[in-house]
Amino acid sequence: MGFIKEFKEFAMKGNVMDMAVGVIIGGAFGKIVSSLVDDVLMPAIGLLTGGVDLSGLEYHLPPVSKMVGDAAEAVGAEGAVDAVADAAGTVAANAGVATEAVGATLKYGLFLQNVIDFLIIALCIFLMIKAMNKLMPKKEEPEAPAGPTQEELLTDIRDLLKEKK
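Presented here is a report on the structure given in the accompanying data block. (Residues numbered from 1 in each chain as written. Predicted model: local features only at pLDDT ≥ 70, side-chain atom pairs only at ≥ 80, totals over all residues. Heavy atoms only, no water.)

**Here's the deal with the overall build of the protein chain**
No. 1: Within the protein chain, the secondary structure is distributed over six helices and two strands.
No. 2: When its helices and strands are written in sequence order, the protein chain yields α-α-β-α-α-β-α-α.
No. 3: Here the protein chain holds 165 residues, and the buried ones make up 10% of them.
No. 4: Looking at the protein chain alone, contacts between residues at least 24 apart form 75% of all its contacts between residues at least 6 apart. (Helix = DSSP H or I, 4+ residues; strand = E, 2+ residues; numbered from the N terminus. Buried < 20%, exposed > 50% of the residue type's maximum accessible area, 1.4 Å probe, protein only. Contact = heavy atoms within 4.5 Å.)

This is the structure we're talking about:
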């Protein structure tokens, strides 16, 4: 029973509950910011840039069998080219991919789009936090207790020296 009691104490601590509320509100806030970016800002940016869609930018790497074939021909191992090409074709066929197009695709446009989305979201969050900080009342920091003045310190030193004699 000690484990359950200890877990209950942990789960009911103020910090854990505050964190849980923060996660839930953060999820809802993320939806708001995503909607702002996807539904308001990105169409406006698309209008300004003439409808440029970065997500379609990609680079097609040459097929594996072609790269292996070129390397093997450079070394002079033509028999190995056919074996590797057959193996690559078998793997591609088993994976449901056309045997001619085993090359990979670098979708750098999607990466650029995600970077732009991140920067816009970061800017929105920064501006919202900045606005929230202006709306929140500033907390008055209590003044540090004043220490003894120079005269009081000198008086204490004098008194200590008198006692020492």
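**Some details on the nonpolar core**
No. 1: Judged by nonpolar contacts, Val33, Val37, Met42, Ile120 and Cys124 together constitute the single largest core of five residues.
No. 2: Of all the elements in the fold, those that place two or more residues in this core are α2 (14-48) and α5 (108-135).
No. 3: Broken down by element, this core gets its largest block of residues, three residues, from α2.
No. 4: Apart from the residues lying within four places of it in its own chain, the contact partners of methionine 42 are Val37, Gln113, Asp117 and Ile120. (Core = buried A, V, L, I, M, F, W, Y, C linked by side-chain atoms within 4.5 Å.)

**Examining a nonpolar patch on the surface**
No. 1: A grouping of Leu57, Tyr59, Leu61, Leu106, Tyr108, Phe111, Leu112, Val115, Phe118 and Leu119 is seen on the molecular surface, where their side chains present a nonpolar patch of about 950 Å² in accessible area.
No. 2: Looking at the nonpolar patch, the element that brings in the most residues is α5, giving six residues.
No. 3: Examined against the element boundaries, leucine 57 turns out to sit in the loop between α2 and β1 (59-60).
No. 4: Judged by relative accessible area, leucine 57 falls into the partly exposed class, the value being 33%. (Patch = residues over 30% accessible without salt bridge, like charges linked within 9 Å, V, L, I, M, F, W, Y side chains within 5 Å. Areas by Shrake-Rupley, 256 points an atom, 1.4 Å probe, with all protein chains shown as cover. Salt bridge = Lys/Arg side-chain N within 4 Å of Asp/Glu carboxyl O.)

**Quick look at the pattern of salt bridges**
No. 1: Applying the stated criterion across every chain yields a total of one salt bridge.
No. 2: The salt bridge partner of arginine 158 is aspartate 159, with a shortest N-O separation of 3.3 Å.
No. 3: For arginine 158, a relative accessible area of 43% corresponds to the partly exposed category.
No. 4: Take aspartate 159: its relative accessible area is 31%, and that puts it in the partly exposed class.

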